[in-house]
Amino acid sequence: EERTIGATLGAESVNKSIFAGVIGIVLICLYMLVFYRFLGLFSAIGLLLYLIFMVASMKLLGVTMTMGGIAGLILSIGMSIEADVLVFERIREELRSGHTLVAASKLGFKRAWISIRDSNAVSLIICAILYTGGGIIRGFAIVLALGIVIGLLTTFLGTRTLIDMIIRRKITQRAWLYRVEEMEKSV
């Protein structure tokens, strides 16, 4: 769809989209904290790192934020959080099967990687196809592809490094921090 609008209306649409995105990010962080507890904290920190790297990369590459770009950014945030969810669920499965927290973390990241890699590879192929469409679709494809790459880096380098550094502390060894005991009761 193509419409001609004034600069004020366009800026207002972008500002409303950014505001909605901020509200969404806050709600995502709250959900991750409630549902994944301690791991959710790392997800929130990872999301903050993700946003910092995205903004820096977009500035460095000279990407102009359009409505398509905002949509790509919001979708890539969701994909980044999805990677965290897959990893965290794998970690909890490993904890329930009796592994130590250190082993569960290592296995969780290793076993979740295949699914995350494949889904992101498909999304990157779609971005390449959409890029040829031009216009607002091209901006969407560029921001989404950039977001996918940065999301993978923040999950597998940033979040993983933070988790590996912290889980060796005794206070982090309690099962309730990961909602493992509640999961066992419901099974």
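Residues numbered from 1 in each chain as written. Predicted model: local features only at pLDDT ≥ 70, side-chain atom pairs only at ≥ 80, totals over all residues. Heavy atoms only, no water.

### Section: the environment of Val 34
Move 1: Locating Val 34 in the fold gives a position in helix H1 (residues 7-36).
Move 2: The sequence separation of Val 34 and Arg 179 amounts to 145 residues, and the corresponding C-alpha distance is 9.7 Å. (Helix = DSSP H or I, 4+ residues; strand = E, 2+ residues; numbered from the N terminus.)

### Looking at the packing of aromatic side chains
Move 1: Here the structure, examined in full by the defined rule, presents six aromatic pairs.
Move 2: Plain terms: the ring middles of Phe 109 and Phe 156 are 5.8 Å apart, the flat faces sit at 75 degrees to each other, and that makes the pair edge-to-face. In this pair, Phe 109 is assigned in helix H4 (residues 101-131) and Phe 156 in helix H5 (residues 135-166), connecting sequence segments 47 residues apart. As far as burial versus exposure is concerned, Phe 109 and Phe 156 are alike and both buried.
Move 3: The ring of Tyr 131 carries Arg 138 above its face, with NZ or CZ at 4.3 Å from the centroid. (Phe/Tyr/Trp six-rings, centres within 6.5 Å; stacked < 30°, edge-to-face > 60°. Buried < 20%, exposed > 50% of the residue type's maximum accessible area, 1.4 Å probe, protein only. Lys NZ or Arg CZ within 6 Å of the ring centre and 35° of its normal.)

### Let's talk about the pattern of salt bridges
Pairs can form between side chains of opposite charge once their charged atoms are near each other.
Move 1: Summed over all chains, the structure comprises four salt bridges.
Move 2: The residue Glu 94 makes a salt bridge to Arg 111 at a minimum N-O spacing of 2.6 Å. Here the residue Glu 94 occupies a position in helix H3 (residues 67-96), and Arg 111 occupies one in helix H4, the gap between them amounting to 17 residues. (Salt bridge = Lys/Arg side-chain N within 4 Å of Asp/Glu carboxyl O.)

### Digging into H5
Move 1: The end-to-end C-alpha distance of H5 is 45 Å, a good match for the 46 Å that 32 residues give at a rise of 1.5 Å each.
Move 2: Of all the bends found along H5, the most pronounced is centred on Thr 154 and spans about 35 degrees. (Expected span 1.5 Å × (residues − 1). Bend = angle between axes of the 7 residues up to and from the residue.)

### Observations concerning H4
Move 1: With 31 residues, H4 extends 42 Å from end C-alpha to end C-alpha; this agrees with the ideal 45 Å at 1.5 Å per step.
Move 2: Of all the bends in H4, the greatest measures close to 35 degrees and is centred on Trp 113.
Move 3: Taken together, the buried positions of H4 are Leu 101, Ala 104, Ser 105, Leu 107, Gly 108, Phe 109, Ala 112, Ile 116, Asn 120, Ser 123 and Cys 127.
Move 4: For H4, the elements touching its buried residues are H3 and H5. (Contact = heavy atoms within 4.5 Å.)

### Regarding the confidence of the model for the chain
Move 1: This prediction gives the chain a mean pLDDT of 85; 87% of its residues lie at or above 70.
Move 2: The spread of mean pLDDT over the elements of the chain runs between helix H6 (residues 180-186), the lowest at 56, and H4, the highest at 94. (pLDDT = per-residue confidence, 0-100.)

### Quick word on the nonpolar core
Move 1: The biggest cluster of nonpolar side chains holds 41 residues, and the ones touching the most others in it are Leu 39, Met 54, Val 87, Phe 88, Ile 91 and Tyr 178.
Move 2: Per-element accounting of this core gives the leading share, ten residues, to H5.
Move 3: Those residues within four positions of Val 87 in sequence are excluded, and the remaining contacts are Gly 108, Phe 109, Ala 112, Ile 116 and Phe 156. (Core = buried A, V, L, I, M, F, W, Y, C linked by side-chain atoms within 4.5 Å.)

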